[in-house]
Amino acid sequence: GGAEQQEAGMRSLFVDLTNEEADEGLKACARQHCEKTEELYKILQVPTCALASVAHGSNDIANSIGPLAAVWMVYSTGEVSDTAQLPVWLLLFGAVALNIGLITYGHNIMRALGTKFIYHSPSRGFCIQLSSMFTVLLFSKMGVPVSTTHCICGMNPFPSQ
């Protein structure tokens, strides 16, 4: 009955990508590293993943809310200026919208980038996350809008590396 429907709904909401097989051609081209090294990088990926999430969230919320904030400012004040006080609900709206997008379609992006675009191992993932995180934070600090996804794609090493 109801419990089975709820469990089926949860399975369709969350997609397990850990069992996804990388394209064998990509895997064959990539340099293989020592298993102990890869295990160490699995541990190191936890903090870089958390920091990359902060960078991704702060950057993408700002990029997506910027146009809406400009419309809100003109609507609420009748003026256009370089700076505006944003209501908290507007930022929360952006955060909720970003999370809905990640929950509903994010697994497709992760699958494409993680198993079809290039072979990813924990050491490669660590380097990609760390370098894209620094890039996004640097450009965010400078006030330049950048695409986090494009930074991650650009940080991917060549398949033969």
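See the structure above.
Residues numbered from 1 in each chain as written. Predicted model: local features only at pLDDT ≥ 70, side-chain atom pairs only at ≥ 80, totals over all residues. Heavy atoms only, no water.

Caption draft 1: How the structure looks around the packing of aromatic side chains. One pass over the structure, following the stated rule, counts 3 aromatic pairs. Centroid distance Trp 72 to Trp 89: 5.2 Å. Interplanar angle 90°. Geometry classified as edge-to-face. Note that Trp 72 is positioned in helix α3 (residues 35-77) and Trp 89 in helix α4 (residues 88-117), a separation of 17 residues in sequence. With a relative accessible area of 28%, Trp 72 lands in the partly exposed category. For Trp 89, a relative accessible area of 47% gives the class partly exposed. Through a chain of ring-to-ring contacts, three or more aromatic side chains come together here, namely Trp 72, Tyr 75 and Trp 89. (Phe/Tyr/Trp six-rings, centres within 6.5 Å; stacked < 30°, edge-to-face > 60°. Helix = DSSP H or I, 4+ residues; strand = E, 2+ residues; numbered from the N terminus. Buried < 20%, exposed > 50% of the residue type's maximum accessible area, 1.4 Å probe, protein only.)

Caption draft 2: The nonpolar core, seen in detail. Grouped together as the largest cluster of nonpolar side chains are 6 residues: Ala 52, Ala 55, Met 133, Val 136, Val 146 and Cys 151. Residues contacting Val 146, with those up to four places away along its chain left out, are Asn 59, Asp 60, Asn 63, Val 136, Phe 139 and Cys 151. (Core = buried A, V, L, I, M, F, W, Y, C linked by side-chain atoms within 4.5 Å. Contact = heavy atoms within 4.5 Å.)

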